[in-house]
Amino acid sequence: MTSVFPVWAQSLRALIVRREFRTDTITSRSGREQRRALRVTARKYLEFQALVTGDLWRLLNTSMVFGQRTDWYFPDQSRVVSAPSGMPVGNSVTVSSAAAWLIDGAKVILRDGSRLEVYTIFDVVGVTVTFVESASDDWPVDTLICPALLGWLGGEIAGQALRGVMIDLQFSVEVDPTTETTEPALAADATFNGRDVWTLEPFAFRPAAITYAQYREVVDALMGPVSRFHPIARATRLWRAEFPMTDPDDEDRVRSFFENMQGARGEFYMPTFEYDLEPKVASAAGSSTLRVSGTLTEETYSGSTTHRAVAVKYADGTIQYNSVASMTTNAGDTVITFVDIWDQQVEVTDRVSWMPAWRFATDILETQWLFDFGAPPTRWATATPTLALLEDLGVESP
């Protein structure tokens, strides 16, 4: 019988949830890509560090004799509800919220201190969950309930021990593929020109990592002239940022977006969230042009295949997406004509961002969770995807 792993991620110590697809990418010399997904469902991995003391250390030390060659049930602490009224002897409980992962057939873990038990959901009606199994003892108020993940410990677990007192260990877990009961992916918050739009903004005061890399072929005989060739017209741009997930639904939105893209296979729009185009003068509501100082914008982007859309964030916080119809120069400025008219007046202080086409640069989405098991318990998370600008990869926007 599979047991529940006794060590969980602890307060204010990170739990990393990593999802990984697998994409086969064929890239031509000019940088154009053909991509196909080799996995329909992402693999899932957990990593956490825990300080283990006393009886729990002795239990863990004994369990590790055979613990890495057998499967365990691990808690998915990134998805948790509670039982505000507890659960009396029986098989029915009222939960704090009707979470999407509470579905028929799913296995969950109930926890109260060191008491850990696995139950199988038989039926869910609103916030009332009925289990296949019955509890032999009462569960107290605010018992925690989270999904049970069937998985395996990593082949090597390392840490530091103070003899007879404590041990600090780093755990890694591989969730058994196809054993996790997952809820359907959510639709994107917005779509534009037939593509999903990534709408979650990164942390404003944490630096994003940006890499520009130009592919270059060099012919060098180690004497005399050197010839350089650039079959890919533009530099490759990789962008990695932290996205806060303060709302309980944010994690589901990010996870669903990544799953809908199937990792690096899919393509989507995302604003740069920068003041890329600074209007020289205001553009009236009902008009469809934007005047930008200088001609550099037209010289750089008039032939772009992905810088064909913008996202305008108005002063009231609303956002409008619009497609570029054409660019011209006039009196030393760049005049951009758009397909649609402006819903509001575009002020010179409004944020006008390019909204190019992107893909995930890797098949990995990593989410870091922190927990505070105080009263009441809280949790918060950040996601750190790496994105690749598609124009650099030879993919055209519609």
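We now turn to the structure provided with this report. All residue numbers here refer to positions counted from 1 along the written sequence of the relevant chain. In keeping with the predicted nature of the model, local features appear solely for residues at pLDDT of at least 70, side-chain atom pairs appear and are counted solely at 80 or more, and the whole-chain, interface and lining totals rest on all residues. Side-chain figures throughout are based on the complete set of non-hydrogen atoms in the structure, without hydrogens or water.

As for a nonpolar patch on the surface
In step 1: A surface patch of nonpolar side chains, about 300 Å² in accessible area, is lined by Leu51, Leu162, Val165 and Met166.
In step 2: On the secondary structure map, Leu51 appears in strand S4 (residues 43-53).
In step 3: Relative accessibility thresholds used throughout: buried, under 20% of the residue-type maximum; exposed, over 50%; partly exposed, between the two (1.4 Å probe, protein chains only). Overall, the relative accessible area of 34% leaves Leu51 in the partly exposed class. Residues enter patches when their relative accessible area tops 30% and they take part in no salt bridge; the joining distance is 9 Å for like charges and 5 Å for the nonpolar side chains Val, Leu, Ile, Met, Phe, Trp and Tyr. For every accessible area listed, the method is Shrake-Rupley and the probe measures 1.4 Å; residues are considered covered only by the protein chains on display. We define a salt bridge as a side-chain nitrogen of Lys or Arg found within 4 Å of a carboxyl oxygen belonging to Asp or Glu. Runs of E in the DSSP output that reach at least two residues are strands. Runs of H or I that reach at least four are helices, and both are numbered from the N terminus.

Brief notes about helix H2 (residues 250-261)
Owing to its 3.6 residues per turn, the α-helix aligns residues three or four sequence positions apart on the same side.
In step 1: Residue count minus one, scaled by 1.5 Å, sets the expected span of a helix. For H2, built from 12 residues, the straight-helix expectation of 16 Å at 1.5 Å per residue is met to within 8% by its first-to-last C-alpha distance of 17 Å.
In step 2: In terms of burial, H2 is a largely internal element, nine of the 12 residues being buried.
In step 3: Of the residues making up H2, those classed as buried are Asp250, Glu251, Asp252, Val254, Arg255, Ser256, Phe257, Phe258 and Met261.
In step 4: Just downstream of H2 lies Gln262, where phi reads positive at about 55 degrees.

With respect to the sheet that holds strand S26 (residues 351-354)
Think of a sheet as strands paired side by side through backbone hydrogen bonds, with each pair either parallel or antiparallel.
In step 1: When DSSP locates at least two bridges between a pair of strands, those strands are taken to pair. Pairing within the open sheet is antiparallel, and its five strands lie in the order S22-S25-S24-S23-S26. Among the strands making up the open sheet, the edge pair consists of strand S22 (289-293) and S26. The sheet shows a mean angle of 40 degrees between the axes of neighbouring strands, direction not considered.
In step 2: Relative to S26, strand S23 (residues 309-313) is paired through four bridges, and the arrangement is antiparallel. Working convention: axes come from line fits to C-alpha atoms, limited for helices to the stretch in contact. Angles between N-to-C directions cover 0 to 180 degrees.

Considering helix H1 (residues 54-63)
In step 1: Inspection of H1 places Trp57, Leu60 and Ser63 among the buried residues, and these make up the whole buried set. Down the axis of H1, the buried side of the element spans an arc of 130 degrees, and every buried residue falls inside it. Across H1 from its buried face, at more than 90 degrees, point the exposed residues Asp55, Arg58, Asn61 and Thr62.
In step 2: Here, two residues are considered to be in contact whenever any of their heavy atoms come within 4.5 Å of each other. Summarising the contacts, the buried residues of H1 are in contact with S4, strand S5 (72-75), strand S12 (158-162) and strand S13 (166-175). By arc we mean the arc of the directions from the helix axis to the C-beta atoms, nothing more.

What about the packing of aromatic side chains?
In step 1: In this scheme Phe, Tyr and Trp rings, the latter by its six-membered ring, pair at centre separations within 6.5 Å, and the angle between planes marks the pair as stacked below 30 degrees, edge-to-face above 60, and tilted otherwise. The final tally for this structure, using the stated rule, is 20 aromatic pairs.
In step 2: Ring centres of Trp198 and Phe243 lie 5.0 Å apart, and the angle between their planes is 65 degrees; this geometry places the pair in the edge-to-face category. Of the two residues, Trp198 is situated in the loop between strand S15 (195-197) and strand S16 (209-213) and Phe243 in strand S20 (residues 243-245); the sequence distance between them amounts to 45 residues.
In step 3: The interplanar angle of 70 degrees and the centroid separation of 6.1 Å between the aromatic rings of Trp239 and Phe243 together place this pair among those described as edge-to-face.

A word on the pattern of salt bridges
In step 1: Taken as a whole, this structure holds 20 salt bridges when the rule is applied.
In step 2: Residues Arg13 and Asp168 are paired through a salt bridge, measuring 3.2 Å at the closest nitrogen-oxygen approach. Of this pair, Arg13 sits in the segment before strand S1 (15-20) while Asp168 sits in strand S13, and the two are 155 residues apart along the sequence.
In step 3: One continuous salt-bridge network, built from bridges that share partners, spans Lys44, Asp76, Arg79 and Glu180.

Digging into the nonpolar core
In step 1: Only buried Ala, Val, Leu, Ile, Met, Phe, Trp, Tyr and Cys residues count toward a nonpolar core, and they belong to the same one when joined by side-chain atoms within 4.5 Å. Grouped together as the largest cluster of nonpolar side chains are 44 residues, with contacts concentrated most on Phe5, Phe48, Phe171, Trp198, Phe268 and Met270.
In step 2: Of all the elements, S13 adds the most residues to this core, at five residues.
In step 3: In this structure, Trp198 is in contact with Phe243, Val254, Phe257, Phe268, Tyr269, Met270, Pro271, Phe273, Phe360 and Pro385, ignoring residues within four places of it in sequence.
In step 4: Ala83, Val95, Tyr119 and Trp139 belong to the second-largest nonpolar core, a separate cluster that totals 18 residues.

Topic: the pairing of S22
In step 1: Alternating positions in S22 separate cleanly, Leu290 and Val292 being buried on one face and Thr289, Arg291 and Ser293 remaining unburied on the opposite face.
In step 2: Here five bridges tie S22 to strand S25 (residues 333-338), and the two strands are oriented antiparallel to one another. Bridging across to S25, Leu290 finds its partner in Ile336.

Some words on the pairing of S25
Each regular strand carries side chains that alternate between the two faces of the sheet.
In step 1: Among the six residues that make up S25, five are buried, leaving the element largely enclosed by the rest of the structure.
In step 2: In this structure, the hairpin formed by strand S24 (residues 319-330) and S25 is closed by a connection of two residues, where Ala331 is found at a positive phi of approximately 55 degrees.

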